[in-house]
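Commentary on secondary and tertiary structure
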Amino acid sequence: MNDALTAEVLRNALVVAAEEASIVVVRSAYSTFIVEGSDASAAILDAGGRLVAQSMATTLMNSMALKAALPELLKDVPPHTMRPGEAYALNDAYRGGVHTNDLLVYRPVFAGGVPAYFTATMIHVSDLGGLSAGGMAPLATDIFLEGLQLPPVRLATRDGLEPAVEAVLRANSRTPDKVMGDVRALVAGTAVAAARVAALMAEYGVAGLAAGVEDYLDHTETRTRAALAELPRGRFEASYPIDDDGVRPGVAHHVRVAVTLGGDAAVLDFTGTGPQVPAAINASASQSLAAAVFAVRCFLDPTIPMNDGCLRAIEVVLPEGSLLNARSPYPCGGRYVPIYAAMEAVFQAMSDAMPDRAIAASGILQPFSIAAVGAPYWIHLSYDFGGVGARQGLDGPDATGVHFGIGRNSVPQAEPVESRCPLIVESVGTIADSGGPGRFRGGLGSRTVYRFLADCHVTTRGDRLRLPPPGRDGGLPGRVGGFHKRHLDGRVERLASKVNNVRFAAGEAFVVETTGGGGLGPPSERDPAAILADLESGHITPEGAANDYGFDPRAATRTAGSKLTG
């Protein structure tokens, strides 16, 4: 297995096995967000709980959860008691999971009568109870308001789903048929990946595959350490604020980090981060670990694989009982808010370490749900993205966000959503002048308008809608977005960033505006040609050019014309 070509073939075979599992889940699931957004994750782990491979579409948030939760499963269900054909599930946020609606499913792959590997899949199932349909619950003050908590349980045998577990899931869902369709898709995904892993063991031998995996992880560790060794040494501190917790409007919370770079390793210490609060802005440790690792990897060689070898070189300290490592009964459903603040704090610390690769702060993604006010329930889960902060030498991309928590398509297309839910997507577009002005401009936020054909409830979980993403090095902040309700008389009402079950009448519209990214460098230093190009493309308006850059397009046109005639 030391042959480089064989090792590369094996590595790709493992990734493809995980990728195939995620595709099976997407094609088999029932929930609109999974089917149309392709938001499904799959991974392969060994019996020691090490992450061996993940699908190309798998988010780091999800693969970290699958890694962190497997040892917890094995504590409750010893490997020697497992049998071929079985699958297990859990969603416990305090034991490696994410939040109540994210269901993690594992299947053991046997060698010599004992589990040697586990295939794993994960999606946000349509609904498992809680304050609002779809598992949002932005105003939850404890975990019990977020939905059903599921400890490690046997979900299926070779004969099918466990009837008792199915009964529990159905009894706790507003959309039981969709949930069970999603669950069967998760189980099917693990079965496909398990078959591929078993085929690899048959082809290379149990010892051969194990040796290949070991070489693969060691190779990833070597590459990660070599990349870290190229970074400047030192300790770099940063923090990032959270607008509010939804329960106490206007009260900000902070995530703090100290990044220590030295030799071939990195330490990210989040000591000093605010304490956990009885509101939905806490995160489980697996999610915060993912944010920290992702942020560091953004400054490394992007071709380095993501597996346990990478994690050996990056130490992450997450104080227990903080916003980034919540304990029961503090809610974890709003995990995007603190972990994106953690990611942003690391970005700014790394930007201080490497000014030539700096990035300004970005607009965060804005999750929301739209659901029927009563049975029979229909649910649309989605999010829109803010603009990315400007980078050294580059403007920020528009309405893509810096994200690591979503699937292939991220935002479902309008037509399939309209066919499944009683609503019309009236418009989707970017917002001119929303990118932070600077030598390099921040990316634009977006505006999406949903007009409802039936009464419904809207639930939101936003942030960076009060405290805008700041610019760097003289750049200006991005412009904040917001959630709005357009009444039947045309009046537009701004909603709080975190609201639960706001009732909309048929004919009213829900307007989602995301925040632009921060600018980098003084706006006065922006190339006039770039400003003209922004005017032509609609990124900025003539008023924005004048107010943000002190730029008169008529004067610039006359100057350009005189140069041509001269």
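Residues numbered from 1 in each chain as written. Predicted model: local features only at pLDDT ≥ 70, side-chain atom pairs only at ≥ 80, totals over all residues. Heavy atoms only, no water.

Below, the discussion takes up the packing of helix α4 (residues 163–171) against helix α5 (residues 176–204). Between α4 and α5, the shortest axis-to-axis distance is 8 Å and the interhelical angle comes to 135°. Here α4 lies oblique to α5, going by the angle between them. The chirality of how α4 crosses α5 is right-handed. In this structure, α4 uses Glu166, Leu169 and Arg170 to contact α5, whose residues at the interface are Pro176, Asp177, Met180, Val183 and Arg184. For the contact of α4 with α5, the class distribution of residues is 4 nonpolar, no polar and 4 charged. (Axes fitted to C-alpha atoms, helices over the stretch in contact; angles between N-to-C directions. Helix = DSSP H or I, 4+ residues; strand = E, 2+ residues; numbered from the N terminus. Parallel < 35°, antiparallel > 145°, perpendicular 65-115°, else oblique. Left-handed = near helix turned anticlockwise from the far one by under 90°. Contact = heavy atoms within 4.5 Å. Nonpolar A, V, L, I, M, F, W, Y, C, P; charged D, E, K, R; others polar.)

On to the packing of aromatic side chains, then. The final tally for this structure, using the stated rule, is 10 aromatic pairs. On the numbers, 6.3 Å between centres and 75° between planes, the contact of Tyr336 with Tyr383 is edge-to-face. Of this pair, Tyr336 sits in helix α9 (residues 336–353) while Tyr383 sits in strand β13 (residues 379–384), placing them 47 residues apart in sequence. Neither Tyr336 nor Tyr383 differs from the other in exposure class; each is buried. (Phe/Tyr/Trp six-rings, centres within 6.5 Å; stacked < 30°, edge-to-face > 60°. Buried < 20%, exposed > 50% of the residue type's maximum accessible area, 1.4 Å probe, protein only.)

Note on placement: Arg11 falls in helix α1 (residues 4–28). As for Arg11 and Val213, which are separated by 202 residues in sequence, their C-alpha atoms are 7.8 Å apart. In this structure Arg11 touches Tyr216 and Pro305, once residues within four positions along its chain are discounted.

Checked against the element boundaries, Ala43 lands in strand β1 (residues 41–46). Ala43 gets classed as buried once you look at its relative accessible area, which sits at 1%. A sequence separation of 20 residues divides Ala43 from Ser63, and the C-alpha atoms of the two residues are 6.4 Å apart. Not counting residues up to four positions away in its chain, the partners in contact with Ala43 are Ala18, Leu51, Ala53, Gln54, Leu66, Phe118, Thr119 and Ala120.

Okay, the sheet that holds strand β18 (residues 492–494) next. Overall, antiparallel pairing links the 5 strands, which are arranged β14-β15-β20-β17-β18 in an open sheet. In this open sheet, the two edge strands, each paired with only one partner strand, are β14 (423–430) and β18. Between one strand axis and the next, the sheet turns through 20° on average, direction left out of account. Where strand β17 (residues 482–486) meets β18, 3 bridges bridge the pair, whose relative direction is antiparallel. Across the sheet, residue His484 finds its bridge partner in β18, namely Arg494. (Pairing = 2+ DSSP bridges.)

This part covers the state of the cysteines. Under the counting rule described, the total for this entry stands at 0 disulfides. Of all cysteine sulfurs, the one in Cys298 lies closest to Cys310, which takes part in no disulfide; the gap is 11 Å. (Disulfide = S-S within 2.5 Å.)

Counting buried residues in strand β16 (residues 456–461) gives 6 out of 6 residues, a clear majority hidden from the surface. Along β16, one buried face is formed by Cys456, Val458 and Thr460 and the opposite face, lined by His457, Thr459 and Arg461, is buried too. Bridge analysis of strand β12 (residues 366–372) against β16 gives 5 bridges, and the strand direction is antiparallel. Directly across from Ala372, in β16, lies its bridge partner Cys456. With 5 bridges joining them, β16 and strand β19 (residues 498–504) adopt antiparallel strand pairing. Counted as the bridge partner of His457 is Arg503 from β19.

Following Ser328, the chain continues into Pro329 via a peptide bond in cis, with omega recorded as 10°. Considering the arrangement of structural elements, one finds Pro329 in the loop between β11 (314–317) and α9. Going from Ala375 to Pro376, the amide bond is cis rather than trans, its omega being -5°. As for its position among the elements, Pro376 is in the loop between β12 and β13. Even without a glycine there, the phi angle at Ala137 is positive, about 45°. Looking at the element boundaries, Ala137 is found in the loop between β5 (114–124) and β6 (153–157).

Taken as a whole and assessed by the stated rule, the structure comprises 37 salt bridges. Salt-bridge contacts for Glu86 lead to Arg154; the nearest nitrogen and oxygen are separated by 2.8 Å. Placement of the pair is Glu86 in the loop between α3 (60–76) and β3 (87–90) and Arg154 in strand β6, with a sequence separation of 68 residues. What makes Arg154 partly exposed here is its relative accessible area of 37%. Each of Asp218, Glu221, Arg225, Asp264 and Arg312 takes part in a single network of salt bridges with overlapping partners. (Salt bridge = Lys/Arg side-chain N within 4 Å of Asp/Glu carboxyl O.)

Before going further, it helps to examine the sheet that holds β11. Taken in spatial order, the 4 strands line up as β8-β9-β10-β11 in an open sheet, and their pairing is mixed. Where the open sheet ends on each side, the last strands, each with one partner, are β8 (234–242) and β11. Ignoring strand direction, the axes of neighbouring strands in this sheet form an average angle of 15°. Relative to β11, strand β10 (residues 265–269) is paired through 4 bridges, and the arrangement is parallel. Each bridged residue has a counterpart across the sheet, and for Val267 the counterpart in β11 is Glu315.

Averaged over all residues, the pLDDT of the chain is 92; the fraction at 70 or higher stands at 95%. Note on residues 560–566: pLDDT is under 50 here. Beyond four places in sequence and across chains, it has 0 contacts. (pLDDT = per-residue confidence, 0-100.)

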